[in-house]
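Single-letter residue listing:
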Amino acid sequence: AVPPAMSRRVVRQSKFRHVFGQPVKADQMYEDIRVSKVTCDSSFCAVNPKFVAIIVESGGGGAFIVLPLAKTGRVDKNHPLVTGHTAPVLDIDWCPHNDNVIASASEDTTVMVWQIPDYVPVRNITDPVVTLEGHSKRVSIISWHPTARNVLLSAGCDNLVILWNVGTGEMLLALDDMHTDLIYNVGWNRNGSLLVTTCKDKKVRVIDPRKQQIIAEKTKPHDGTRPIRAIFVADGKIFTTGFSRMSERQLGLWDLNNFEEPIALQEMDTSNGVLLPFYDADSSIVYLCGKGDSSIRYFEITDEAPYVHYLNTYSSKEPQRGMGFMPKRGLDVSKCEIARFFKLHERKCEPIVMTVPRKSDLFQDDLYPDTPGPEPALEADEWLSGKDADPILISLRDGYVPIKNRELKVVKKNILDSKPPPGPRRSHSTCDSDYFSPALEEVLEEIRALKETVQAQEKRISDLENKLCQFTNGTD
C-alpha cells in the first residue's frame, strides 16, 4: 500500500495553473497617446467591448480620449477628445449597461456623464449628457452600480460618497459621516447591495448604502502606512492589498463574519507602488497590477488552504502608468482568452492577453460560465426602495456582439412641480402667452432640425475621412 503521505497530491489541480500573458503585436497597440501625468492611484483607463478610453494630458482643463477598439496603430494627433472638465480628469468608468455611456470624475469637483457615438466625431465632445454637482473638493473615484440602471457612485476628497441617479441628474444618497479622512477606493459587491471602502484612517469599512450604516469594519488590515485597496470577491469575502510595517507589499483575504483574523495574509515584495486588484468572478482569479511595476501577478482564490494560490507573473520591461480591464463579454472565447488588460505606457496603450492553453477549438464551457450581460436587473428607484437582484447573465458560447448605440435620456424633475406657487396666483402676464407659445415652438423646432442636420453632416464627414484613410493607407 502507498503510504498516506505519498498518495497526497503534490501539485494542486487547477485549470488556471498554466494561464499565461502575452502582449499583442506592435500594429495592434494604440500609439502616440499623451497619457495623463496626474499623480493619482486611479487606473487612467477604461475599456468595454466597443471602446478604449484613456485619460490624457490636456493644456488647461481635463480630457480623455475614446478610441474604437479596432482603431489600433498611430492615433491621429487631431483625434477628438472628450473635453468638458475645467481641471484634470482623475477617474473614468464605462456604464456596464450601455457601452456608449461613460462617466468621468475631475479635480473641478464635478462628475460628468457622456454619450459616445459609434462613429468617430469630427470635433471634440464638449457637452456631457448630465453634470453631477455635489462634491466640494476634487472627485477621484467613480463606479457604476453593477445591476441597477443609471446608479452611479462618486467619492471625493471631501470624504464624501454620493450615489446619483444619472437618469434624472439627482443625488440619491450622500454618505457623509462615515470616513474621517481621504477615501482610497470604493468597490461594490456582486449584486450592488454593499460597498467596501478603504480610507487614509487605516480602516476598511463595509457599508450598506441604503441604510447608511457601516455593517463591519477592520482597523489596520495591513500595518503599513501606505494606501490600502479592497474589493469584494466570491461569497462576500474581501480581498485587500496593502503594506506591512516593514513596507513589504501584502495581500489579505477576509471573512465579513469574522473580520478580526485574516483567512490569508501573504507578503510579496518590497516596492512602493500601490497594487491595484482586478477580479474576475467567473474564474475566481485576482490580478494585481502595481502602478510603476512592469509585471502583473495573478492568484486564484479557492476554499482550500492557503485560500489565495499564486498562479504566475506576467513580466515585461516597461513600467505601467495605468491599466484597463476588459469585461468578460469583450473577450475572444475562440482563443481561450480569460482576461485582457490595456497597459498604459507614457505614449501608448498595449493590450495584454491572458490565455488558458487548450488544444481543442471547441467552446470551452468550463472556462466561460454565463457572465453578466449588458441588461440591468433593476431600475434605480427599485434599488433605492430596497430591492436587490443579481446580474442578468448571458452565454458567451457564440461570442458577444455589442448592441448598437442606445441613447441615455436624462429626464430632470422640475423642482417647480413639487412646490405650490408662492403668493396669490396672478392672472395673465404682461406678454400674451397664447401668441408667444407657437412662435417659441417654431424656433425650437428649427433648432432641433439644425442640430440633426449638423449631426448627419458630422457623420458623413467622418465616414468620408475614414474612407479617405483607407485609400491613402494611413499616409498623410
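As the structure is a prediction and not an experimental result, all values here were calculated from the model. Numbering of residues begins from 1 in every chain and follows the order in which that chain's sequence is written. This being a predicted model, a pLDDT of at least 70 is required before a residue's local features are given, and a value of 80 or more before pairs of side-chain atoms are given or counted; all residues contribute to the totals for chains, interfaces and linings. Based on all heavy atoms of the structure, the side-chain values leave hydrogens and waters out of the count.

So, about the pattern of salt bridges. Each reported salt bridge corresponds to a side-chain nitrogen of Lys or Arg within 4 Å of a carboxyl oxygen of Asp or Glu. Tallied over the full model, the rule gives 25 salt bridges. Across the pair Asp223 and Arg245 runs a salt bridge whose closest N-O atoms are separated by 3.8 Å. Taken together, the residues span a long stretch of sequence, with Asp223 in the loop between β19 (213-219) and β20 (229-232) and Arg245 in the loop between β21 (238-243) and β22 (248-254) at a distance of 22 residues. Across the salt bridge formed by Arg249 and Asp293, the nearest N and O atoms sit 2.6 Å from each other. Here the residue Arg249 occupies a position in strand β22, and Asp293 occupies one in the loop between β25 (285-290) and β26 (295-301), the gap between them amounting to 44 residues. Via salt bridges that share partners, Asp201, Lys203, Arg205 and Glu217 belong to a single interconnected network. A run of H or I in DSSP counts as a helix once it spans at least four residues, and a run of E counts as a strand once it spans at least two, with each numbered from the N terminus.

Residues with a pLDDT of 70 or more make up 92% of the protein, whose mean pLDDT is 90. A score from 0 to 100, pLDDT tells how confident the predictor is in each residue. For this analysis, residues touch if any pair of their heavy atoms sits within 4.5 Å. Within the model, the stretch residues 418-435 combines pLDDT values under 50 with zero contacts to residues more than four positions away or in other chains.

So, on to the side chain of Asn159. Of note, Asn159 is situated in the loop between β13 (151-156) and β14 (161-165). The buried label applies to any residue whose accessible area, calculated with a 1.4 Å probe on protein chains only, is under 20% of its type's maximum; exposed applies above 50%, and partly exposed to all values in between. Its relative accessible area of 18% is what places Asn159 among the buried residues. For this analysis, a polar contact is any N or O atom pair within 3.5 Å, provided that within protein one partner can donate a hydrogen and the other can accept it, and provided that sequence-adjacent residues contribute only side-chain to side-chain pairs. In terms of polar contacts, Asn159 uses its side chain to reach the backbone amide nitrogen of Leu182, at 3.5 Å. If we skip the residues at most four places from it in the chain, Asn159 touches Leu175, Asp176, His179, Thr180, Asp181, Leu182 and Ile183.

Pairing of aromatic side chains here covers Phe, Tyr and the six-membered ring of Trp, requires ring centres within 6.5 Å, and sorts the geometry by plane angle: under 30 degrees stacked, over 60 edge-to-face, intermediate tilted. If you walk through the whole model with that rule in mind, you get 13 aromatic pairs. Seen in terms of ring centroids, Tyr30 and Phe342 are 6.4 Å apart; in terms of plane orientation they differ by 35 degrees. Their pairing is tilted. Of this pair, Tyr30 sits in strand β2 (residues 30-31) while Phe342 sits in strand β29 (residues 337-344), and the two are 312 residues apart along the sequence. Using a relative accessible area of 3% as the deciding quantity, one classes Tyr30 as buried.

Here, any two strands with at least 2 DSSP bridges between them count as paired. Spatially, β3-β4-β5-β7 is the arrangement adopted by the four strands of the open sheet, whose pairing is antiparallel. Here the strands that pair on one side only, and so sit at the sheet edges, are β3 (45-47) and β7 (81-85). Across the sheet, the mean angle separating the axes of adjacent strands is 20 degrees when strand polarity is ignored. Two strands pair when backbone bridges link them, and strand β5 (residues 62-68) and β7 are joined in this way by three bridges, in the antiparallel orientation. Geometry is summarised by axes, namely lines fitted to C-alpha atoms with helices restricted to the contacting stretch, and by angles between N-to-C directions that run from 0 to 180 degrees.

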